[in-house]
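Residue-level structure breakdown
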Amino acid sequence: MGDFDAVVVGAGPNGLAAAITMQRAGLRVLLLEAKSTVGGGMRSAELTLPGFVHDVCSAIHPLGAGSPFFRELPLKDFGLEWIEPPVLAAHPFDDGTAAALMSSLEETTAGLGEDREAYARLYRPLIAAWPKIEREVLGPVLAWPPHPLEMVKFGVKALLPASALAKRFRGRDARGLLAGMAAHGMQPLTSVATAATALVLMIAGHRSGWPMARGGSQKIADALAAYFVSLGGVVETGVAVERLEALPPARVTLLDVGPKQLLQIAAGKLSSRYRSQLEKFEYGPGAFKVDWALDGPVPFASETCRRAGTVHLGGTFEEIAQSEAEIAAGKHSENPFLLFAQQSLFDATRAPSGRHTAWGYCHVPNGSTVDRIEAIEAQVERFAPGFRDRILARHTMNTYAMQAYNANYVGGDINGGALTLRQIVARPVLLRSPYRTSMDGVYLCSASTPPGGGVHGMCGFHAARRAMADCFGISE
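Residues numbered from 1 in each chain as written. Predicted model: local features only at pLDDT ≥ 70, side-chain atom pairs only at ≥ 80, totals over all residues. Heavy atoms only, no water.

Identification of the chain as Fumarate reductase/succinate dehydrogenase flavoprotein domain protein from Terriglobus saanensis is taken from an unreviewed UniProt entry.

Right, dumping it as structure tokens:
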């Protein structure tokens with residue numbers, strides 16, 4: 001394989017970002033991936049019927065389009081094209097109406113009635129301040145920010161439970177919209193810091209949109225890998241790393257793996273204190289996912305939903321809060337909150353002419369094997385009567401299938417670890433630099449490090465910068 005300055009294990013968004021960051025700095029980098037293709041959470045495949053292209057995991061990419069790291073890269077030159085639906089995210093209710101996140105603040109507030117001014121007062125200053133704080137919000141919590149006042153203003157809101165932030169609004173629509181955003185964090189909406197997920201996603205929407213990649217999420221991975229190779233980087237697929245000693249020699253090793261995998265591949269090499277902290281790392285709820293091949297578009301009652309790339313299905317704030325609380329208590333909700341996407345409405349490459357795809361998942365207890373297809377389809381049918389009649393085929397993945405697809409999704413946890421307050425601060429352990437392990441020259445760069453899950457590459461970017469400063473004296 002030749003001599004390398006750095007070896008990166010795992011070619012998901014963070015492994016690719018780490019490899020690119022170091023290769024751009026002039027280092028020679030080898031990227032290893034256990035699967036036959038790069039991608040991690042950014043893969044696409046014909047899961048149901050021929051000609052129907054489904055996103056295996058991540059589908060809509062507000063943090064990808066808005067990533068401070070990805071924005072620096074010429075990914076358009078390597079085949080990546082973003083598609084922006086006219087409605088970023090819709091949140092329907094039983095009366096056939098829906099709240100909507102639009103790209104502009106004004107369009108969003110226009111549909112929120114009595115909460116129009118309250119929404120603007122909350123988000124307008126945060127949207128304006130975002131360029132000053134985005135790297136720090138999407139990075140290690142214990143680092144000193146260059147704009148502390150703006151960070152404090154963001155932090156006092158982000159650290160609230162979503163249920164407390166919702167008290168700023170009186171109406172059903174704004175509260176429901178907030179609930180759907182906060183529920184992406186897979187935590188009870190009464191938990192501290194659940195407001196952060198909603199704030200970040202909605203700020204991202206207003207600044208960068210909620211786009212999808214034309215042709216599927218695999219196109220993001222392919223563009224990143226092609227750019228890395230164009231810089232002189234080397235990618236080897238089909239290489240499973242079971243022990244660190246099996247890696248080729250290099251001054252630095254970055255691992256796009258979670259704590260559980262690190263404990264296995266670094267067996268006997270970690271300090272007892274560090275190992276003990278890793279063993280206490282908590283994984284959050286899992287996901288039960290369904291992909292559908294349809295003979296027509298989803299027949300949503302709301303016209304707003306028929307123009308949206310993402311639809312949050314769960315009803316009122318109170319309904320969603322109850323559903324997420326039940327999951328946290330180890331139960332299966334009878335009325336699950338559902339994240340739903342309809343890419344083929346805006347991307348003709350996803351399905352044969354006249355046909356469509358749909359993508360959705362609900363939260364379940366970690367490691368659940370319960371089949372949730374009936375509850376999920378009932379929730380879609382609630383807001384889109386006649387949906388079941390349009391199903392040609394479906395493909396399901398329970399938590400075990402999720403983990404088999406990506407070993408980082410332990411028990412089906414697609415966020416790489418529970419987003420509790422403790423694990424926002426100590427992710428995966430309480431260190432000033434959470435990317436360092438107790439082994440010299442070995443770093444973690446997965447979603448189990450700050451800022452956590454999502455296709456943004458910031459875990460890999462920050463980990464690579466830390467490794468380059470420590471081992472090569474390279475810093476910005």
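Now that the structure has been shown, the text picks up again.
1. Brief notes about the pattern of salt bridges
Should their charged atoms come close, side chains of opposite charge can pair. Enumeration according to the criterion identifies 23 salt bridges in this entry. Here E72 makes a salt bridge to R135, at a shortest N to O gap of 2.8 Å. Taken as a pair, E72 in the loop between α2 (62–65) and β5 (82–83) and R135 in helix α4 (residues 116–137) lie far apart in primary sequence, 63 residues in all. The residue D470 makes a salt bridge to R466 at a minimum N-O spacing of 2.9 Å. Of this pair, D470 and R466 both sit in helix α16 (residues 458–472), separated by four residues, roughly a single helical turn. Bridged by salt links that share partners, the residues D55, E81, R214, D347 and R350 form one connected network. (Salt bridge = Lys/Arg side-chain N within 4 Å of Asp/Glu carboxyl O. Helix = DSSP H or I, 4+ residues; strand = E, 2+ residues; numbered from the N terminus.)

2. So, the packing of helix α1 (residues 13–24) against α16
Closest axis-to-axis distance for the α1/α16 pair is 7 Å, and the angle between their directions is 40 degrees. In terms of orientation, α1 and α16 fall into the oblique class. Here the hand of the crossing between α1 and α16 comes out right-handed. Here α1 contributes N14, A17, A18, T21 and M22 to the contact with α16, which in turn contributes M458, C459, G460, F461, A464, R465 and M468. Along the lines of polarity and charge, the residues of the contact of α1 with α16 split into eight nonpolar, three polar and one charged. (Axes fitted to C-alpha atoms, helices over the stretch in contact; angles between N-to-C directions. Parallel < 35°, antiparallel > 145°, perpendicular 65-115°, else oblique. Left-handed = near helix turned anticlockwise from the far one by under 90°. Contact = heavy atoms within 4.5 Å. Nonpolar A, V, L, I, M, F, W, Y, C, P; charged D, E, K, R; others polar.)

3. A word on a nonpolar patch on the surface
A cluster of nonpolar side chains, contributed by V141, L142, L159, V192, L421, V425 and L430, occupies part of the molecular surface with about 550 Å² of accessible area. A relative accessible area of 30% places V425 in the partly exposed class. (Patch = residues over 30% accessible without salt bridge, like charges linked within 9 Å, V, L, I, M, F, W, Y side chains within 5 Å. Areas by Shrake-Rupley, 256 points an atom, 1.4 Å probe, with all protein chains shown as cover. Buried < 20%, exposed > 50% of the residue type's maximum accessible area, 1.4 Å probe, protein only.)

4. Observations concerning the packing of aromatic side chains
In the structure shown here, the tally under the stated rule is 13 aromatic pairs. Measuring from centroid to centroid gives 5.2 Å for F281 and Y283, while their planes differ by 80 degrees, and the two rings are edge-to-face. We classify F281 as buried; its relative accessible area is 8%. Here Y283 falls in the partly exposed class, since its relative accessible area comes to 22%. When the ring of W292 is compared with that of F387, the centres are 5.3 Å apart and the planes differ by 85 degrees; the resulting orientation is edge-to-face. Of this pair, W292 sits in strand β11 (residues 286–294) while F387 sits in the loop between α13 (373–383) and β15 (391–397), and the two are 95 residues apart along the sequence. Neither residue differs from the other here; W292 and F387 are each classed as buried. Ring pairs connect the aromatic residues W292, F300, F340 and F387, which therefore count as one cluster. Lying over the aromatic face of F93, R172 brings its terminal NZ or CZ to 4.0 Å of the ring centre. Geometry around F317 places R175 over its ring, the cationic atom sitting 4.9 Å from the centre. (Phe/Tyr/Trp six-rings, centres within 6.5 Å; stacked < 30°, edge-to-face > 60°. Lys NZ or Arg CZ within 6 Å of the ring centre and 35° of its normal.)

5. Examining the pairing of β11
Most of β11 sits inside the fold, with nine of its nine residues counted as buried. By the alternation rule, side chains of β11 split into G286, F288, V290, W292 and L294 and A287, K289, D291 and A293, which are all buried. As paired strands, β11 and strand β14 (residues 356–364) are joined by nine bridges and run antiparallel to one another. Looking at β14, one finds that A293 is bridged to T357. Inspection of the sheet shows β11 paired to β15 by six bridges, in the antiparallel sense. Within β15, the position partnered with K289 by the bridge is M397. (Pairing = 2+ DSSP bridges.)

6. Things to note about the side chain of H184
Locating H184 in the fold gives a position in the loop between α7 (172–182) and α8 (194–208). Excluding residues that lie within four positions of it along the chain, H184 makes contacts with T197, L201, W210, H312, L339 and N415.

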